[in-house]
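# Coordinates in review
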Amino acid sequence: MIRKLIFIFLFLLILLVWLAPKEADYLDRVATDFVEIHENVEINPTQLLELGTYSYNHHLIYTEFTYYFGEVSVKYYGFFTFIFFSESKIGEQLPEDVIVYLPLD
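My aim in this report is to walk through the structure given alongside it, one point at a time. (Residues numbered from 1 in each chain as written. Predicted model: local features only at pLDDT ≥ 70, side-chain atom pairs only at ≥ 80, totals over all residues. Heavy atoms only, no water.)

Its boundaries defined by the atoms lining it, the largest pocket holds a volume of some 340 Å³. Taken together, 16 residues form the lining of the largest pocket, with F34, I37, H38, V72 and V74 sitting closest to its centre. Mapped by element, the contributors of at least two residues to the lining of the largest pocket are α2 (23-37), α3 (45-51), β2 (62-69), β3 (72-79) and β4 (82-90). (1 Å grid on protein atoms, 1.4 Å probe; cavity = no way out; pocket = protein on both sides within 12 Å on 5 of 7 lines; lining within 4 Å. Points joined across faces, edges and corners; volume = space filled by probe spheres on them. Helix = DSSP H or I, 4+ residues; strand = E, 2+ residues; numbered from the N terminus.)

Right, let's get into unusual backbone geometry. Phi angles above zero are rare outside glycine, and F80 is one such case at about 60°. With respect to the helices and strands, F80 occurs in the loop between β3 and β4. Relative accessible area serves as the criterion here: at 28%, F80 is assigned to the partly exposed category. (Buried < 20%, exposed > 50% of the residue type's maximum accessible area, 1.4 Å probe, protein only.)

Right, let's get into the pairing of β3. In this sheet, β3 lies alongside β2 in antiparallel orientation, the contact comprising 8 bridges. Within the sheet, the bridge partner assigned to F65 lies in β3 and is Y76. Hairpin connection of β2 to β3: 2 residues between the antiparallel strands, including G70 at a positive phi of 65°. Sheet topology note: the β3/β4 ladder contains 8 bridges and is antiparallel. The partner of Y77 across the bridge, within β4, is F84. (Pairing = 2+ DSSP bridges.)

Turning our attention to the side chain of T63. If you trace the backbone, T63 turns up in strand β2. For T63, a relative accessible area of 0% puts it in the buried group. There is a polar contact of 2.5 Å between the side chain of T63 and the side chain of Y26. When near neighbours in sequence (up to four residues on either side) are disregarded, T63 contacts A20, P21, Y26, Y56, N57, H58, Y76, Y77 and G78. (Polar contact = N/O pair within 3.5 Å; in protein donor to acceptor, adjacent residues only side chain to side chain. Contact = heavy atoms within 4.5 Å.)

Printed below as a string of structure tokens:
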């Protein structure tokens, strides 16, 4: 009986690791979310790679993905075959009034 439970546990663990979302799955999700927000813009995952960078961390039973586009970052988590939106951050924004001082020669 204990052997069967260990076998089932190992089988489920291997299944969880094998079915965790991959980098391409996350890029597809980011592209889909981008098109939903910006309705008149079409973008595909290859264009996302050209426009920004990302970090992908594969933990034992889940994955973590963050896409960076300038000062904007979007974070997702994946478990099994599901991808969940976590958060988006906007870095330091520039002030509306920018004053440039030029040296007088």
